[in-house]
Amino acid sequence: VALGLYFPRKEYLENVYIDEPAGMPLLHIHALKDSHEEVAHFHLCQNLIISRARSHENNWFQIRENTGLLYLSKSLDREDFNMLSVGNWMPLSKVMLYVFLSSHPFQEKECDSATRTTVFLSLINATAPACSSLTARQLCFTEMDLSFHIKENKPPGIFHQLQLPSVHHLCQNLSISYKLLAAEGVPFRYNENTTSVRVTRRLDREERERYELIAKCTVREGFREMQVEVPFLVNVLDEDDSPPFLPNGTDTAEAVVEFNRKEGTVLSTLTVYDADTTPIYPLESSRKKYTGTIVTDDPWISETFRVEHIFDEIHFSPNGSQVRGTRHEY
C-alpha cells in the first residue's frame, strides 16, 4: 500500500558550524496528510552520505519522530569536521541525510520507505558567526527557496515554519517577526505564535495551479530595524480527477469520403480537451490514455482509413489564473 503522507519539499538545506552545542535545533521538516486519520512519524537513517562514493555512520544528527525537528545530538568538533570533509584544507564539507516518513512508528533501522526527503548540510569549518554580524536575510531565511508542492484534494495542514530554529536558539536578544503577504481569499494562513504556515482547505489544480505569495521578515535590535522580503511559492500537484471534455459535447465525428481523394487527405476532425493533465513524456503514455476508433464492420474501411492522434499543451483560464491542460486532436 502506498503511503499517503508526503513531504511538501524534495530537499532541505542548512548550515552546521563547529562546536555548536548538542541539542541545537537545526531544521524543522513537515509532512502533509493524505487522510485526516494519518499521523506522521519521521525517521533518520543512520548513514551520512559525504560524497557519491563515501558514507559515514551518523553520530551527530537526530530527528524528533513526532515533530520532524532535526537537531544536533552531539557537538561537531574540528576532528569530526576533518573526518567528514574530503580533505581538511576545505572550508566547507557537504553531507547528505535522508529523512523517511511513515504513518506508524518506525522499527529499528527501517530505511526502505519510499517516502523520503533529502537534507543537505553544509558543515562549515568555523564557529557560528555573531548574531550582530548577520544580515537580515541570513537571520530570517535559509539559502533554500521558499517553494513547496501541495497535492490537490488533500486535507489541510501545516507545511512550513518561517522561523529558523538555529537563529531563534542563538540570537535571543533580537526580535524577529514575520508576515505572509497574500491576496484576499488565498487558502494559506500564517500563525504568529508558532510562525507556522498552513494550507487551510483542499486545493484544486484545475482551479489554480500556482500561488505566489511573499514572506516578509522584520528584525529589530534596540532602535535598529531591518526588513527583507522573499517569494513564497506553492505549486499544486495534479491528481487525475477531472474527466476530459468535448467542446461541442459530441465524442463522434462523421467522415464523408468523396471520390478520388489523395492519400493523406484529412476527412474529419474531433477535438478533446483535458484540463486535468499536461502532455506526459514519453509521449506514448499520453497517446495510450485516449484512443481514436473508426466504428465500422467493413474490413476495407479499416484497412483504407486511419485515425491520427496529435496533442499539445494549452492553457485554460478559470478565475483569471492560467492552468495547463492538453488538447487532443483526432
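Numbers given to residues run from 1 along each chain, matching the order in which its sequence is written. For this predicted model, a pLDDT threshold of at least 70 governs which residues receive local features, and a threshold of 80 or more governs which side-chain atom pairs are given and counted, while totals over whole chains, interfaces and linings are taken from all residues. Hydrogens and waters are ignored; side-chain quantities use all the structure's heavy atoms.

1. Let's talk about the packing of aromatic side chains
Where two aromatic rings form a pair, the distance of their centres and the angle of their planes describe that pair.
No. 1: Only Phe, Tyr and Trp rings take part, Trp by its six-membered ring, and two of them pair if their centres are within 6.5 Å. Stacked means planes under 30 degrees apart, edge-to-face means over 60, and tilted covers everything else. For the structure shown, the criterion picks out 12 aromatic pairs.
No. 2: A centroid spacing of 5.1 Å and a plane angle of 80° characterise the contact between phenylalanine 188 and tyrosine 211, whose relative ring orientation is edge-to-face. Residue phenylalanine 188 is found in strand β13 (residues 188–191), and its partner tyrosine 211 is found in strand β15 (residues 210–221); the two are separated by 23 residues along the sequence. For the pair formed by phenylalanine 188 and tyrosine 211, the shared burial category is buried.
No. 3: Consider the rings of tyrosine 273 and phenylalanine 316, whose centres lie 6.1 Å apart with planes at 80°: the pair is edge-to-face. By definition, any uninterrupted DSSP run of H or I lasting at least four residues is a helix, any uninterrupted run of E lasting at least two residues is a strand, and each is numbered from the N terminus. When accessible area is computed with a 1.4 Å probe and restricted to protein chains, residues below 20% of their type maximum are described as buried, those above 50% as exposed, and intermediate ones as partly exposed.

2. Describing the UniProt feature "domain: Cadherin" (unreviewed entry) in the protein chain
No. 1: In this numbering, the UniProt entry assigns the feature "domain: Cadherin" (unreviewed entry) to residues 142–246.
No. 2: Across residues 142–246, the secondary structure splits into 6% helix and 50% strand, with the terminal C-alpha atoms separated by 47 Å. UniProt positions are given in the numbering used here, feature names are shortened, and annotations may be inferred rather than shown by experiment.

3. Some details on the environment of aspartate 240
No. 1: Looking at the secondary structure, you find aspartate 240 in the loop between β16 (224–237) and β17 (271–274).
No. 2: Given the relative accessible area of 53%, aspartate 240 is considered exposed.
No. 3: Once you skip the residues sitting within four places of it in the chain, aspartate 240 turns out to touch Asp276, Thr277 and Lys289. Residue contacts are counted whenever heavy atoms from the two residues lie within 4.5 Å of one another.

4. Re the state of the cysteines
No. 1: To count as a disulfide, a pair of cysteine sulfur atoms needs to be within 2.5 Å. Overall, the coordinates contain two disulfides when judged by the stated rule.
No. 2: Each sulfur in the disulfide pair cysteine 140 and cysteine 217 lies 2.0 Å from the other. A torsion of -65° about the S-S bond marks the disulfide between cysteine 140 and cysteine 217 as left-handed. Here cysteine 140 is found in helix α2 (residues 136–140), whereas its partner cysteine 217 is found in strand β15, with 77 residues between them in sequence.
No. 3: Relative accessible area serves as the criterion here: at 0%, cysteine 217 is assigned to the buried category.

5. Comments concerning the pairing of strand β7 (residues 69–72)
No. 1: Side-chain alternation along β7 places Leu69 and Tyr71 on one buried face and Leu70 and Leu72 on a second face that is also buried.
No. 2: Two strands qualify as a pair provided DSSP detects at least 2 bridges between them. Where strand β2 (residues 25–28) and β7 come together, three bridges link them in antiparallel fashion. When the bridges of β7 are listed, histidine 28 appears paired with leucine 69.
No. 3: Pairing analysis gives three bridges linking strand β6 (residues 61–63) to β7, with the strands arranged antiparallel. Along β7, the bridge assignment pairs phenylalanine 61 with leucine 72.
No. 4: Hairpin remark: β6 followed by β7, antiparallel, with five residues in the connecting loop; positive phi at glycine 68, about 80°.

6. Some words on the sheet that holds strand β12 (residues 175–181)
No. 1: Taken in spatial order, the four strands of this open sheet run β10-β16-β15-β12, and their pairing is mixed. Each of the sheet's edge strands pairs with one partner strand only, and the pair in question is β10 (146–151) and β12. Neighbour-to-neighbour, the strand axes of the sheet open up by a mean angle of 25°, direction not taken into account.
No. 2: When β15 meets β16, the two strands line up antiparallel, connected through 12 bridges. Paired with cysteine 217 across the two strands is valine 228, which belongs to β16. Where helices are involved, their axes are fitted lines through C-alpha atoms of the stretch in contact, as for all axes, and angles between N-to-C directions lie from 0 to 180°.

7. A few points about the nonpolar core
No. 1: We call a set of buried Ala, Val, Leu, Ile, Met, Phe, Trp, Tyr and Cys residues a nonpolar core when their side-chain atoms join them within 4.5 Å. Among the nonpolar cores identified, the biggest contains 35 residues, and Phe141, Ile150, Phe159, Leu162, Phe188 and Phe232 are the most heavily contacted of them.
No. 2: Broken down by secondary-structure element, the contributors of at least two residues to this core are α2, β10, β12, β13, β14 (196–199), β15 and β16.
No. 3: Filtering out sequence-adjacent residues up to four positions away, phenylalanine 188 remains in contact with Ile150, Phe159, Leu180, Arg198, Val199, Thr200, Leu203, Tyr211, Leu213 and Val234.
No. 4: Counting 31 residues, the second-largest nonpolar core is a separate cluster that includes Leu27, Ile29, Ile50 and Phe61.

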